[in-house]
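These are the residues of each chain, in order.
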Amino acid sequence: MTHAAGDLDPDAAQAAIEYCFDQGWSDGLPLVPATRPLVEKFLAAAGRSPDEIIGRLPQLDRTVTVELAAINAAMAGCLPEYFPVVLAAWDALMHERSTTGGGWQSTSGPAPLIVVNGPVRAELGLNATGGVFGPGFRPNATISRAIGLIVRNAYGLHPHELEQATQGLPGRWSICLAENEEESPWPPLASEAGLPAGESGVTATLLRTCEFVDNRHTASAEQLLADFADTIGRSGAWIFRYAGAGIVFCPEHAQLLASAGFDRAAVRSWLAERSGRSTAELAGTGKDACDANGVRLPGEHGGDGEFQRMLPSADPQHLLIAVAGARNAGISMVVRLFGGWSGTAIPVIRP
Amino acid sequence: MPNAILDPTGRAGTASAAGPGLELAPRPADLAGVRVGLMDNTKHNAALLLAEIGNLLAAEHGVAVTVAATKANFAAPAPADLVDRYREACDVVITGVGDCGSCSASAVADGIVLERAGVPTAVICSDAFVVTADAMAELRGAPGYHYIRTAHPVAVLTTEQVRQRAKQLLPEVVALLTSRQ
């Protein structure tokens, strides 16, 4: 339904938006007030039972139903046709151990990373290229925001209360990427995670932060990978014996690696072996030893030159690899996983 | 008549969880001969702090210290079988340290479950997490639930500092676990 601007009632809209703020439903930005007719369109777009329970947080006695998710997605500014992607992203997150435990309450204030593959990207206008970490694109911005509103409202996790993020992180509730399949030299991430090629699917995990690797002047795959290994191996992100990571490669970096014969598995294997620090370097930051629970802390002996690997293995669960962004520069993003990645992709189901 | 604005919480019309409140488990008059369970949530220094408190209780109050188990997943409330083990093996429980977003709330949830199971419990929480601990108490129908607050941070304390902390907390632990105020 389209309106001429003159038919609209901005005063009523403003009052409705303020009402939503007053209820404590907002993440700080204006919400679209959800009404029954609007939410019905979301439910029709997904074709799932409104009462289906899609998330539980037993310690808080809260559940998420498809209908509650639809209300929050509508409030986030999604169009009804985005809703199957919101549900797939939510289901993908439910495969992460931390999201059904205490992850949403954590001092680390983790952010979902949502990666979308397949034809649904173009159908919805999801951005896969320039500025892929946002902002500027409605589906990317609102699908990720919908997840945040579900956590806030359906789980009742408000900052300064049951949500205890020390600082949180830039991009929380706003990281939803379409993979740049057109310029990626590798099969789609969702295919690597088991979905048939050409099927729309979503993968998701929780991040601690993102850190860029800007390397535009080497033609050597090994030099480029060494730059990633150095960034991945930084001590700051390392709190347990091992840590997982991910890389969102720009097309230029991915293509350079592919032309040197690296597929995703070869990239992971190269980086798993070389990302880390010596025990002596880790001793300098008080992280050279591990206690009985695998938590890093200062050791007794100052440390030697022995190399400690950060990634526990070259499995995809410990190093998620996607390709997104513009082909205009050699700038990629290392992402820090909150835990491991489930390695699962969820199909986008539409009736 | 315009369309109503829908509530996104699923709690529209639900009464707030005031409930009947929490009736604390009956307390022993003192701790002589009492079996004290220590439930370590695996947070750094938690095991040491609890052990030190246990040692002081044994030396000064004649308790028998029983460590039933550790709570492996600090982020979630203790599973029912773990609660049962404490109920069978202990007369009173000390648990902690709540020093993260989920574990502070979970420690308070454990304290409330144990009280309702008839086991007097002292929960130790970092004072940086009072808001989330109180929010959990309210959620569990126990607004104003009394737990022990200790200065943040606990995880960086040396062994000697943890011993000092245990000494400091001891009177409050004893007061919380006995009927003698």
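Placed above this text is the structure.
Residues numbered from 1 in each chain as written. Chains lettered and ligands numbered in written order. Predicted model: local features only at pLDDT ≥ 70, side-chain atom pairs only at ≥ 80, totals over all residues. Heavy atoms only, no water.

Asker: Give me the interface of chain A and chain B: which residues, what numbers.
Answerer: Often, the extent of an interface is quoted as the loss of accessible area upon association of its parts. Counting residues at the interface gives 31 residues for chain A, matched by 25 residues for chain B. Across the chain A/chain B interface, buried area totals approximately 2200 Å², and carbon plus sulfur atoms make up 64% of it. Linking chain A with chain B are 0 salt bridges. Listing elements by their share of the side of chain A that touches chain B, those giving two or more residues are α1 (10-22), α2 (36-46), α3 (66-76) and α6 (138-154) of chain A. With 4 residues, the single largest contributor to the side of chain A that touches chain B is α3 of chain A. By residue class, the composition of the side of chain A that touches chain B is 16 nonpolar, 10 polar and 5 charged. (Contact = heavy atoms within 4.5 Å. Buried area = accessible area lost by both parts, 1.4 Å probe. Salt bridge = Lys/Arg side-chain N within 4 Å of Asp/Glu carboxyl O. Helix = DSSP H or I, 4+ residues; strand = E, 2+ residues; numbered from the N terminus. Nonpolar A, V, L, I, M, F, W, Y, C, P; charged D, E, K, R; others polar.)

Asker: Account for the layout of surface pockets, with residues named and values stated.
Answerer: Residues and elements named next belong to chain A. In this structure, the second largest pocket spans a volume of roughly 1000 Å³. As for the second largest pocket, its lining consists of 26 residues, of which H3, V32, P33, T35 and L38 are closest to the centre. If you list the elements that add at least two residues to the lining of the second largest pocket, you get α1 and α2. The dominant element in the lining of the second largest pocket, judged by the number of residues it contributes, is α1, at 5 residues. Counted by class, the lining of the second largest pocket contains 18 nonpolar, 4 polar and 4 charged residues. (1 Å grid on protein atoms, 1.4 Å probe; cavity = no way out; pocket = protein on both sides within 12 Å on 5 of 7 lines; lining within 4 Å. Points joined across faces, edges and corners; volume = space filled by probe spheres on them.)

Asker: I'd like a description of the nonpolar core, backed by residues and values.
Answerer: If you look at the biggest cluster of nonpolar residues, it comprises 73 residues, and the most contacted ones within it are F83, V86, W90 and W104 of chain A together with V108 of chain B. No other element matches the 10 residues that helix α4 (residues 83-94) of chain A contributes to this core. Setting aside anything within four residues of it in sequence, one finds V108 of chain B in contact with V123, C125, A133, M136, A137, Y145 and Y147 of chain B. Formed by 28 residues, the second largest nonpolar core is a distinct cluster that contains A243, A245, L271 and L311 of chain A. (Core = buried A, V, L, I, M, F, W, Y, C linked by side-chain atoms within 4.5 Å. Buried < 20%, exposed > 50% of the residue type's maximum accessible area, 1.4 Å probe, protein only.)

Asker: Describe the packing of helix α8 (residues 221-232) of chain A against helix α9 (residues 251-259) of chain A, with residues and values.
Answerer: When two helices pack together, their arrangement is given by the angle between their axes and by how far apart the axes lie. Residues and elements named next belong to chain A. Interhelical geometry of α8 versus α9 gives an angle of 130° and a closest axis separation of 9 Å. In this view, α8 runs oblique relative to α9, as classed from their interaxial angle. In the crossing of α8 with α9, the sense of the turn from one axis to the other is left-handed. From α8, A221, L224, L225 and F228 reach across to α9, where they touch H253, L256 and L257. Residues that form the contact of α8 with α9 fall into these classes: 6 nonpolar, 1 polar and no charged. (Axes fitted to C-alpha atoms, helices over the stretch in contact; angles between N-to-C directions. Parallel < 35°, antiparallel > 145°, perpendicular 65-115°, else oblique. Left-handed = near helix turned anticlockwise from the far one by under 90°.)

Asker: Tell me about the packing of aromatic side chains, residues and numbers included.
Answerer: Residue and element names in this part refer to chain A. By the definition in use, this model includes 8 aromatic pairs over all chains. Ring geometry for F42 and F83: centres 5.9 Å apart, planes at 65°, overall edge-to-face. Here the residue F42 occupies a position in helix α2, and F83 occupies one in helix α4, the gap between them amounting to 41 residues. The same class applies to F42 and to F83, which are both buried. Counting every residue linked through ring pairs, the aromatic cluster contains W90, W104, Y155 and W173. Its guanidinium or amino end placed over the ring of W270, R274 lies 4.0 Å from that ring's centre, counting from NZ or CZ. The side chain of R296 reaches across the aromatic face of W238, ending 4.6 Å from its centre. (Phe/Tyr/Trp six-rings, centres within 6.5 Å; stacked < 30°, edge-to-face > 60°. Lys NZ or Arg CZ within 6 Å of the ring centre and 35° of its normal.)

Asker: I'd like a description of unusual backbone geometry, backed by residues and values.
Answerer: Trans is the common state for peptide bonds, and a negative phi is the common state for residues other than glycine. In this structure, the amide linkage connecting G96 of chain B to the following residue, V97 of chain B, adopts the cis form with an omega of 5°. Residue position: V97 of chain B is located in strand β3 (residues 92-98). Residue P153 of chain B follows H152 of chain B across a cis peptide bond; omega there is -5°. If you trace the backbone, P153 of chain B turns up in the loop between β5 (148-150) and α5 (159-177). Although it is not a glycine, D61 of chain A adopts a positive phi angle of roughly 60°. You can call D61 of chain A exposed: its relative accessible area is 60%. Phi angles above zero are rare outside glycine, and T42 of chain B is one such case at about 75°. On the secondary structure map, T42 of chain B appears in the loop between β1 (35-40) and α1 (46-61).

Asker: Any chance you could break down the sheet that holds β1 of chain B for me, citing the residues and the numbers?
Answerer: Residue and element names in this part refer to chain B. With parallel pairing, 5 strands are arranged side by side in an open sheet as β2-β1-β3-β4-β5. Here the strands that pair on one side only, and so sit at the sheet edges, are β2 (64-70) and β5. The sheet shows a mean angle of 20° between the axes of neighbouring strands, taken without regard to direction. As defined by bridge partners, strand β4 (residues 121-126) adjoins β5 across 3 bridges and the pair is classed as parallel. (Pairing = 2+ DSSP bridges.)

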